[in-house]
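Coordinate analysis (summary)
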Amino acid sequence: MAVAWWQIILLTLYAGYQILDELQVYTGLAQPVFAGLIAGLIMGDVTTGLIIGGSMQLTILGVGTFGGSSRIDANSGTVLATAFSVGIGMNPEQAIAAIAVPVAGLMIQMDILGRFANTFFAHRIDAKIEEMDYKGIERNYLMGALSWSLSRAIPVLLALSFGGSFVNSIVDVLNNQLQWLGDGLSVAGAVLPAVGFAILLRYLPVKKHMPYLILGFVITALFTTVFGNIQLLGGSVAGVVDDFANNFTGMPMLAIALIGFALAFREYKRTSETPKIQQFNGSASEEGEIDDDEI
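Throughout what follows, the structure given in this document is the object of discussion.

1. Structural notes on the overall build of the chain
Assigned secondary structure in the chain consists of ten helices and zero strands. A total of 295 residues make up the chain; the buried ones form 29% of that total. In the chain, the proportion of contacts linking residues at least 24 apart, taken out of those at least 6 apart, comes to 70%. Only carbon and sulfur atoms are counted for the fraction: they give 68% of the accessible area of the chain, which is about 18,200 Å².

Structural data, given as structure tokens:
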């Protein structure tokens, strides 16, 4: 299955939009998991898109930017990895390690180029401010968004248009002459989410909230085991009884997320009320003091 021309256009348009969403629109579509979902819908394989997008989302959990610094573009990497994985039948884990992560790293240079090009319109806006040209200010502001969008859309368009045969040849080599390397890339792609969690835990106050970390791990392990056995039991009964509907599913992560939200909200309430109590106790002690001249 090759990537069709209309799929290239839709993926290019999304690649150009996602950076604008990340910078200003804030609809939430500028996340790797949504990039995988949208790319999977366009390519006709949502499962592969979610596997790649979810893995890249976990990979960048602890990655952030400070000031004007650039970071890896996991969204563009997810789009290209999903397109090539579905288009040429590449293993998703292999696509993550061989395409998604390298592309995400290379896109740092395009991010810098987009920022550099955007300074041209910023200086034009300064000039229009001096001239009190409000229409010119609005026009150059929108043109600045164009440089950001093209910094993502052009690389994705070129890669999808001319990179299919090249990626296909790489996949053939990895699956034949360098099968050991292809297997290694698959293992590396599966390990990347753990790296994302490790980076995230490095910057979270884990030592302060260690009981909550242990409790969350235990709850997840217990619920996964319990509901996994229930699912297995339901499948066994459904295989024996014809009229029994096998509607058992695994433990939804929503339940675990709600438990985590409840614990986080309880901790937030406790920490937010502590300064109020201290302030009240301080004011009460001040009101109860008796000066020497009052004796």
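2. Looking at the nonpolar core
The nonpolar side chains of soluble globular proteins are, as a tendency, buried together. Core analysis: the largest hydrophobic core is formed by 28 residues, its most contacted members being Leu11, Met56, Leu80, Ile99 and Leu160. Residue assignment for this core shows that the elements contributing at least two residues are helix 1 (5–25), helix 2 (32–43), helix 3 (46–59), helix 4 (74–88), helix 5 (92–131) and helix 6 (134–162).

3. Description of the side chain of serine 85
When you line up the elements, serine 85 lands in helix 4. Those residues in contact with serine 85 that sit more than four places away from it in its chain are Thr48, Ile52, Met90, Asn91, Pro92 and Ala95.

4. Concerning the layout of surface pockets
Quantified by volume, the largest pocket comes out at close to 810 Å³. In terms of lining, the largest pocket is formed by 20 residues, of which the most central are Leu201, Leu204, Tyr212, Leu213 and Gly216. Residue assignment for the lining of the largest pocket shows that the elements contributing at least two residues are helix 8 (179–203), helix 9 (210–240) and helix 10 (253–288). Taken together, the residues of the lining of the largest pocket break down into 15 nonpolar, four polar and one charged.

5. Focus on the pattern of salt bridges
Taken as a whole, this structure holds three salt bridges when the rule is applied. A salt bridge links lysine 128 to glutamate 131, with the shortest nitrogen-to-oxygen separation between them at 3.9 Å. Here lysine 128 pairs with glutamate 131, and both are found in helix 5, just three residues apart, close to one helical turn. Since its relative accessible area comes to 15%, lysine 128 is described here as buried. Residue lysine 128 pairs with aspartate 133 through a salt bridge whose shortest N-O separation is 3.8 Å. The exposure class of aspartate 133 is partly exposed, given its relative accessible area of 25%. What you see here is one network of salt bridges that share partners, running through Lys128, Glu131 and Asp133.

6. Things to note about helix 3
With 14 residues, helix 3 extends 20 Å between its outermost C-alpha atoms, agreeing within 8% with the 20 Å of an ideal straight helix rising 1.5 Å per residue. Turning to helix 3, its buried residues number three or more, namely Thr48, Gly49, Ile52, Gly53, Ser55, Met56, Gln57 and Thr59.

7. Some points on the packing of helix 5 against helix 6
At a minimum axis separation of 9 Å, helix 5 and helix 6 run at an interaxial angle of 170°. Relative to helix 6, the element helix 5 is oriented roughly antiparallel. On helix 6, the residues that touch Met107, Met110, Asp111, Gly114, Arg115, Ala117, Asn118, Phe121, Arg124, Ile125, Lys128 and Ile129 of helix 5 are Gly136, Ile137, Asn140, Tyr141, Met143, Gly144, Ser147, Trp148, Ser151, Arg152 and Pro155. Of the residues belonging to the contact of helix 5 with helix 6, the class tally is eleven nonpolar, seven polar and five charged.

8. Some details on the packing of aromatic side chains
By the definition in use, this model includes two aromatic pairs. Taking the centre distance of 5.3 Å and the plane angle of 75° together, the rings of phenylalanine 120 and phenylalanine 121 count as edge-to-face. Measuring from centroid to centroid gives 6.2 Å for phenylalanine 261 and phenylalanine 265, while their planes differ by 20°, and the two rings are stacked. Residue phenylalanine 261 and its partner phenylalanine 265 are located together in helix 10, separated by four residues, close to a single helical turn. Residue phenylalanine 265 is classed as partly exposed on the basis of its relative accessible area of 44%.

9. Description of the packing of helix 1 against helix 4
Helix 4 packs onto helix 1 with a crossing angle of 160° between their chain directions and a minimal axis gap of 10 Å. Judged by the angle between their axes, helix 1 and helix 4 are roughly antiparallel. Between helix 1 and helix 4 the crossing geometry is right-handed. On the side of helix 1, the interface is formed by Leu11, Tyr14, Gln18 and Glu22, while helix 4 contributes Asn75, Ser76, Val79 and Ala83. Looking at the contact of helix 1 with helix 4 residue by residue, the classes come out as four nonpolar, three polar and one charged.

Definitions and cut-offs
- Residues numbered from 1 in each chain as written.
- Predicted model: local features only at pLDDT ≥ 70, side-chain atom pairs only at ≥ 80, totals over all residues.
- Heavy atoms only, no water.
- Helix = DSSP H or I, 4+ residues; strand = E, 2+ residues; numbered from the N terminus.
- Buried < 20%, exposed > 50% of the residue type's maximum accessible area, 1.4 Å probe, protein only.
- Contact = heavy atoms within 4.5 Å.
- Areas by Shrake-Rupley, 256 points an atom, 1.4 Å probe, with all protein chains shown as cover.
- Core = buried A, V, L, I, M, F, W, Y, C linked by side-chain atoms within 4.5 Å.
- 1 Å grid on protein atoms, 1.4 Å probe; cavity = no way out; pocket = protein on both sides within 12 Å on 5 of 7 lines; lining within 4 Å.
- Points joined across faces, edges and corners; volume = space filled by probe spheres on them.
- Nonpolar A, V, L, I, M, F, W, Y, C, P; charged D, E, K, R; others polar.
- Salt bridge = Lys/Arg side-chain N within 4 Å of Asp/Glu carboxyl O.
- Expected span 1.5 Å × (residues − 1).
- Axes fitted to C-alpha atoms, helices over the stretch in contact; angles between N-to-C directions.
- Parallel < 35°, antiparallel > 145°, perpendicular 65-115°, else oblique.
- Phe/Tyr/Trp six-rings, centres within 6.5 Å; stacked < 30°, edge-to-face > 60°.
- Left-handed = near helix turned anticlockwise from the far one by under 90°.

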